Amino acid sequence: MRAAAADPGALLQALDASRDGLAQEEAARRLRRVGPNEVAREAGGGALRELARHVFNPLNGLLLTLAAASFALSDRRAAIVISAMVVLSVLLAFVQEHRSNAAAAKLRAMVRTHASVRRPGAGDDPFVETSLEALVPGDIVRLTAGDMIPADVRLIVAKDLFVNQSTLTGESMPVEKFAAAAPTHEPFEAPCLAFMGSNVVSGYGEAVVVVTGAHTAFGEIADRIGEEEDSTAFDESVKKFTLLMISFMAVMAPAVFFINGYFKGDWLAAFLFAISVAVGLTPEMLPMIVTVNLAKGAMALSREKVIVKRLVAIQNFGAMDVLCTDKTGTLTQDRIILKRHLDIYGEDFDRVLEFAYLNSHFQSGLRNLLDVAVLQHAEIEARLEPHRSFRKIDEIPFDFERRRLSVVVESEDGEHLLICKGAVEEIFAVSTRFETAQTSGALDASHLESAQRETAELNADGFRVIAVAYRTVSPQHVYTAADEQDLILLGYIAFLDPPKESAARAIADLRKGGVAVKILTGDNDIVTRKVCRDVGLDIDALLLGADIDAMDDAALARCVSAVTVFAKLSPPQKARVVAALRGNGHVVGYLGDGINDGPALKAGDVGISVDTAVDIARESADIILLEKSLSVLNDGVLEGRKVFANILKYVRMGASSNFGNMFSVLGASVFLPFLPMTPIQILTNSLLYDFSQTAIPTDNVDEEFLAHPRKWDIGGIAKFMLYLGPVSSIFDYATFILMLVAFNAWDKPQLFQTGWFVESLFTQTLIIHIIRTRKLPFIESRASAALITTTIVVCLVGAVLPFSSFAPIFGFTPLPASYWPAVGLFLLGYAILAHLAKTAFFRQFDDD
């Protein structure tokens with residue numbers, strides 16, 4: 001890229017391109033030669049990379065190590081069973097994720113980021129929209145506010161072009177770019193170069209694409225860091241649970257090894273048994289359960305036209321207790337209508353509309369909904385004929401400090417006019433005179449007071465008000481913000497954006513579900529209050545951007561949770577509000593679609609945007625809505641809670657079951673003259689038990705669980721484990737007594753082991769139906785058909801195995817008929833006692 005900073009003419013020649021752009025046929029030929037404009041992180045890597053990611057994780061590494069140890073010690077059956085467990089977990093996770101990725105890829109194509117590229121013979125506007133992936137070296141692209149830089153490019157036109165390249169350089173402030181600039185030794189410092197991964201903050205530019213895809217600076221960085229993403233609270237919680245289970249294993253396995261080796265004298269058998277116990281304690285199905293649950297949630301949301309870009313965002317949806325959003329398009333219909341055009345005395349004045357039309361028509365930046373509403377006045381187009389009567393000379397782009405935008409046009413008689421529109425206060429600040437249809441004069445304090453009063457009245461009726469001013473300027477090569485002075489105020493244009501009929505119901509549903517809605521808007525407080533009243537959003541307190549600037553972070557943190565509306569905010573102020581809410585322990589979602597929403601989208605726990613948003617908003621978001629609606633968001637919240645509920649079922653079950661097994665195995669190892677179960681039996685038990693849990697992602701979730709936001713609580717899981725774990729041990733020891741006393745199994749190790757195998761498998765498989773609901777299981781709340789089916793199948797397999805021809809392979813022996821009624825009573829007692837322990841836990845540690 002350093003060479004690209006040289007003369008643009010030479011670069012175009014080297015790329016065999018021209019300022020008119022590439023013909024469609026030539027672009028297609030180059031695309032076949034250089035490949036799509038994708039970096040490694042976006043391109044994925046195919047099925048083999050997905051499969052490798054599931055195979056090479058720490059849990060599978062541990063299991064495969066144990067399988068290798070078993071094989072080396074000639075316990076090949078154990079090695080086969082452990083390997084089968086790994087294969088089952090990997091294949092289930094891979095198949096589900098691959099299916100969801102394929103479906104998500106199809107949906108993402110609906111919201112794919114596009115670029116404006118010049119094509120010869122394209123019509124009045126030589127630039128056409130094409131997908132980012134289709135760009136090739138030599139293409140000429142147009143860059144406007146809100147655009148992502150689509151590749152590594154060399155600017156050939158730049159006007160007040162500011163680019164945020166913090167993702168590449170770490171610089172927090174936007175950098176101004178120029179077309180004619182001397183090259184530097186460091187490409188990122190070259191003012192005439194812009195790089196993929198950065199975005200346009202303001203201004204206009206045209207550039208030639210130099211390199212694409214993996215050859216860009218961003219592509220090289222992405223290739224070096226692979227597919228790593230920032231760890232979320234959800235990821236950390238899963239890791240903590242995994243470490244908790246591995247800690248159990250690290251304590252349990254050596255203890256079992258030494259106790260059995262010491263009391264029984266067979267150290268090799270003790271070692272193999274300890275390996276099997278370690279495998280049984282390993283939560284090897286957790287990655288699959290998490291992946292399948294998240295993938296299922298993503299698929300469910302896709303049917304509601306919600307595209308999940310990052311799977312863990314679904315769980316963050318469920319945990320969200322604060323939603324920050326702009327009002328436009330969420331509380332309102334996003335159908336802005338220009339209703340009035342007034343002079344400073346409140347009288348209709350056509351010239352206000354005409355000059356506003358010229359400003360919106362000739363500006364090259366991002367056209368917002370206000371501009372669209374202005375340009376819908378076709379009668380102005382016919383009357384002014386701007387293409388014929390005026391010629392654009394220059395533009396002073398909008399920015400969030402000035403809050404205004406100006407264009408300079410030349411009229412038919414050669415006069416240069418600077419036409420400025422923007423926020424009322426900002427236009428007043430640079431205006432010295434006014435003009436109406438009948439008179440003109442100097443502005444004074446009384447005019448400002450009158451304007452503020454009139455604006456407030458319009459705002460109170462729900463109108464958004466923009467001021468329009470102009471001045472005649474002398475011809476010059478470059479115009480800057482310094483030329484926005486001594487303007488003549490023409491008046492105001494007033495827009496109406498009616499409230500959505502569905503907004504009040506959606507806000508009520510979110511509030512009922514424990515999600516507080518907060519409005520973060522750049523609009524003023526008066527019109528925001530009106531809209532909030534119309535949709536039933538109570539304003540407990542309101543803060544303005546100026547108030548926030550006057551506060552330090554500690555002061556903002558103290559008041560931010562109690563405030564409902566934040567008005568007249570700049571982009572950094574929005575991000576500060578979101579960060580303050582998160583600092584107070586809230587899980588914050590942010591919904592935005594504008595240039596000014598990028599920082600806040602990244603600051604939230606879950607960023608939400610829409611398919612019509614600017615590039616930077618879509619790229620910053622975790623979730624894309626194909627319909628900008630709070631009702632859709634409420635569906636997403638519920639789906640997130642369902643995902644979390646089903647993951648939590650496995651986590652609680654694994655923790656309590658493993659904790660109970662510690663007592664059972666350690667006790668049996670001390671007083672039995674033989675192993676309580678052989679290694680192959682423990683591994684078979686774990687394999688069957690794991691299979692029974694594969695249907696958890698399909699399970700139903702009680703409505704009561706969906707009523708409130710849910711967060712990970714490792715402490716709560718540990719308490720649950722202490723309550724439920726010992727219950728299973730009680731019935732394990734009851735089985736020990738049954739086998740030793742009733743069936744005299746002291747010298748019949750196979751009978752004892754078979755009896756405990758069946759009871760252990762039945763209770764472990766049954767417990768999910770107790771844990772999955774706070775209600776009375778099977779009666780007040782039933783599991784999904786799939787989960788019931790896997791439970792029945794696994795129990796039948798466990799019951800039949802001792803009588804099958806496979807029994808000798810696993811060391812089983814047929815159980816006496818009197819065993820089954822006793823075990824049936826144990827199961828009934830276990831279900832009752834586990835339900836009582838669960839009820840006691842939720843009564844004492846209720847998180848609702």
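What counts, and at which threshold
- Going along each chain's sequence as written, the residues are numbered from 1 onward.
- Given that this is a predicted model, residues contribute local features only at a pLDDT of at least 70 and side-chain atom pairs are listed and counted only at 80 or more, while totals for whole chains, interfaces and linings are drawn from all residues.
- Note that water and hydrogens are dropped before the side-chain values are worked out from all heavy atoms of the structure.
- Numbering of helices and strands runs from the N terminus; a helix is a DSSP stretch of H or I covering at least four residues, while a strand is a stretch of E covering at least two.
- Remark: exposure states derive from per-residue accessible area (1.4 Å probe, protein chains only) relative to the maximum for the residue type, with buried under 20%, exposed over 50%, and partly exposed in between.
- By definition, residues are in contact when any of their heavy atoms lie within 4.5 Å.
- Only four residue types enter the tally: Lys and Arg on the positive side, Asp and Glu on the negative side; His and the chain ends are excluded.
- A charged residue contributes its charge at one atom only: NZ of Lys, CZ of Arg, CG of Asp or CD of Glu.
- The definition of a nonpolar core used throughout is a set of buried Ala, Val, Leu, Ile, Met, Phe, Trp, Tyr and Cys residues joined through side-chain atoms within 4.5 Å.
- Think of it this way: DSSP has to see at least two bridges between two strands before they count as a pair.
- Note on geometry: axes are lines fitted to C-alpha atoms, helical ones only across the stretch in contact, with angles between N-to-C directions running from 0 to 180 degrees.
- For classification, angles of less than 35 degrees are called roughly parallel, those exceeding 145 degrees roughly antiparallel, those between 65 and 115 degrees roughly perpendicular, and all remaining angles oblique.
- Note on convention: near helix rotated counterclockwise from far helix by under a right angle means a left-handed crossing. Clockwise means right-handed.
- Note that Gly is not counted as nonpolar here; it falls among the polar residues with everything else outside the nonpolar set of Ala, Val, Leu, Ile, Met, Phe, Trp, Tyr, Cys and Pro and the charged set of Asp, Glu, Lys and Arg.
- Detection works on a 1 Å grid of protein atoms alone, calling trapped sets that fit a 1.4 Å probe cavities and calling open sets with protein on both sides within 12 Å along at least five of seven lines pockets, with lining residues defined by an atom within 4 Å of a point.
- Grid points are joined across faces, edges and corners, and a volume is the space filled by probe spheres set on the points.
- What goes into a patch is any residue over 30% in relative accessible area without a salt bridge, connected to like charges within 9 Å or, for nonpolar side chains (Val, Leu, Ile, Met, Phe, Trp, Tyr), within 5 Å.
- In this description, accessible areas are obtained by the Shrake-Rupley approach with a 1.4 Å probe, and a residue is regarded as covered only by the protein chains that are shown.
- Salt bridge, as used here: a side-chain nitrogen of Lys or Arg that lies within 4 Å of a carboxyl oxygen of Asp or Glu.
- Under the convention used throughout, the expected extent of a helix is 1.5 Å for every residue step, that is, one less than its residue count.
- Take the seven residues that end at a residue and the seven that start at it, fit an axis to each, and the angle between those axes is the bend at that residue.
- Between N or O atoms, a polar contact is any pair within 3.5 Å; within protein, one atom must be a potential hydrogen donor and the other a potential acceptor, and residues adjacent in sequence are included only when both atoms are from side chains.
- In this scheme Phe, Tyr and Trp rings, the latter by its six-membered ring, pair at centre separations within 6.5 Å, and the angle between planes marks the pair as stacked below 30 degrees, edge-to-face above 60, and tilted otherwise.
- For a lysine, the NZ atom is tested; for an arginine, the CZ atom; a charge sits over a ring if that atom is within 6 Å of the ring centre and within 35 degrees of the ring normal.

Draft legend 1. Quick look at the overall build of the chain. Broken down by element type, the chain carries 32 helices and 23 strands. The C-alpha extent of the chain, read off along each of the three principal axes, is 115 × 60 × 40 Å. Taken over 848 residues, the chain has a buried fraction of 56%. Within the chain, contacts between residues at least 6 apart in sequence are counted, and of these 74% link residues at least 24 apart. Placing the 78 positive and 100 negative side-chain charges of the chain at their respective mean positions leaves the two points 6 Å apart.

Draft legend 2. Expanded view of the nonpolar core. Counting 165 residues, the largest nonpolar core has Leu323, Phe566, Ile608, Leu625 and Met739 as the members making the most contacts within it. The biggest single contributor to this core is helix α26 (residues 630-671), with 17 residues. If sequence neighbours within four positions are ignored, Phe566 has contacts with Lys518, Ile519, Leu520, Thr521, Leu543, Ile548, Val560 and Val577. Membership of the second largest hydrophobic core comes to 28 residues, among which are Val374, Leu405, Ile488 and Leu490.

Draft legend 3. Structural detail: the sheet that holds strand β22 (residues 606-610). Taken together, the eight strands give an open sheet; going across it, the order is β8-β23-β22-β21-β9-β18-β20-β19, and neighbouring strands pair in mixed fashion. A single partner strand is all that each edge strand has here, and the edge strands are β8 (306-308) and β19 (542-544). Within the sheet, the average angular offset between the axes of one strand and its neighbour, ignoring direction, is 20 degrees. Alignment of strand β9 (residues 322-325) against strand β21 (residues 588-591), held across four bridges, turns out to be parallel.

Draft legend 4. Expanded view of the packing of helix α11 (residues 286-302) against α26. The N-to-C vectors of α11 and α26 enclose an angle of 165 degrees; their axes lie 10 Å apart at closest approach. Here α11 lies roughly antiparallel to α26, going by the angle between them. When you trace α11 past α26, the crossing you get is right-handed. Between α11 and α26, the residues in contact are Leu286, Ile289, Val290, Asn293, Leu294, Gly297, Ala300 and Leu301 and Asp635, Gly636, Glu639, Val643, Asn646, Ile647, Tyr650 and Val651, respectively. Among the residues making up the contact of α11 with α26, the classes are represented as ten nonpolar, four polar and two charged.

Draft legend 5. The arrangement of empty space enclosed by the protein in detail. Applying the stated criterion to the full structure yields four cavities of 30 Å³ or more. Roughly 100 Å³ of internal volume is contained in the second largest cavity. Lining the second largest cavity are Ser656, Ser657, Asn661, Leu724, Ser728, Asp732, Ser760, Thr763, Gln764, Ile767 and Tyr830. Elements with a minimum of two residues in the lining of the second largest cavity: α26, α28 (714-742) and α29 (749-771). A total of four residues in the lining of the second largest cavity trace back to one element, the largest contributor, which is α29. Class assignment for the residues of the lining of the second largest cavity results in three nonpolar, seven polar and one charged.

Draft legend 6. Spatial organisation of a nonpolar patch on the surface. Among the surface-exposed residues, Phe258, Tyr262, Phe263, Trp267, Val670, Phe671 and Trp746 lie close enough to one another that they form a single nonpolar patch of about 790 Å² accessible area. For the nonpolar patch, the secondary structure elements donating two or more residues are α9 (233-264) and α26. Classification of Val670 as partly exposed rests on a relative accessible area of 42%.

Draft legend 7. Representation of the pattern of salt bridges. The full count for this structure, using the stated rule, is 25 salt bridges. The salt bridge partner of Arg351 is Glu435, with a shortest N-O separation of 2.4 Å. Of this pair, Arg351 sits in helix α13 (residues 350-362) while Glu435 sits in strand β14 (residues 431-435), and the two are 84 residues apart along the sequence. Given a relative accessible area of 29%, Arg351 falls into the partly exposed group. Looking at Glu435, the relative accessible area reads 14%, which means it is buried.

Draft legend 8. The packing of helix α18 (residues 445-460) against helix α20 (residues 525-534), seen in detail. Where α18 contacts α20, the two axes come as close as 7 Å, and the packing angle between them is 15 degrees. Judged by the angle between their axes, α18 and α20 are roughly parallel. Here α18 runs over α20; the crossing is right-handed. Residues Ala456, Asn459 and Ala460 of α18 pack against Ile526, Val527, Lys530 and Arg533 of α20. Tallied by class, residues from the contact of α18 with α20 come to four nonpolar, one polar and two charged.

Draft legend 9. Layout of the pairing of β22. Summarising burial for β22: five of the five residues are buried, a large majority. Side-chain alternation along β22 places Val606, Ile608 and Val610 on one buried face and Gly607 and Ser609 on a second face that is also buried. With three bridges joining them, β21 and β22 adopt parallel strand pairing. Its bridge partner being in β22, Leu591 is matched across the sheet by Ile608.

Draft legend 10. Just α28, in detail. Between its terminal C-alpha atoms α28 stretches 41 Å, which fits the 42 Å expected from 29 residues at 1.5 Å a residue. The largest bend in α28 is about 30 degrees, located at Leu722, with the proline Pro726 one to four residues further on. The N-cap residue of α28 is Asp713: its side-chain oxygen and the backbone nitrogen of Gly715 are 3.2 Å apart. Count one or two residues on from α28 and you reach Asn744, which has phi positive near 50 degrees.

Draft legend 11. Just the packing of aromatic side chains, in detail. As enumerated under the stated definition, the model contains 25 aromatic pairs in all. Each ring, one from Phe674 and one from Phe752, has its centre 5.6 Å from the other, and the planes form 70 degrees; the classification is edge-to-face. One end of the pair, Phe674, is in the loop between α26 and α27 (679-693); the other, Phe752, is in helix α29, and 78 residues separate them in sequence. Residue Phe752 is classed as buried on the basis of its relative accessible area, which comes to 0%. With a centroid separation of 5.3 Å and 40 degrees between ring planes, the pair formed by Phe841 and Phe845 is classed as tilted. A relative accessible area of 4% places Phe841 in the buried class. Here Phe845 falls in the partly exposed class, since its relative accessible area comes to 28%. Ring pairs connect the aromatic residues Phe671, Phe674, Tyr733, Phe736, Phe752 and Trp756, which therefore count as one cluster. Stacked on the ring of Phe705, the Lys or Arg Arg710 has its end atom at 4.1 Å from the ring centre.

Draft legend 12. Structural detail: unusual backbone geometry. The phi dihedral of Asn744 falls on the positive side, at around 50 degrees, and the residue is not glycine. By secondary structure assignment, the location of Asn744 is in the loop between α28 and α29. Non-glycine residue Phe778 carries a positive phi angle of around 70 degrees. Among the structural elements, Phe778 can be located in the loop between α29 and α30 (785-800). We classify Phe778 as partly exposed; its relative accessible area is 42%.

Draft legend 13. Focus on the pairing of strand β12 (residues 404-411). The buried count for β12 comes to eight of eight residues, which makes it a mostly enclosed element. Side chains Arg404, Ser406, Val408 and Glu410 of β12 all project onto a buried face; the interleaved residues Leu405, Val407, Val409 and Ser411 project onto the opposite face, where all are buried too. With seven bridges joining them, β12 and strand β13 (residues 416-422) adopt antiparallel strand pairing. Across the sheet, Leu405 pairs through a bridge with Lys421, a residue of β13. Counted along the chain from β12 to the antiparallel partner β13, the turn is four residues long, and its residue Gly414 has a positive phi close to 90 degrees.

In short, geometric facts, not functional conclusions.
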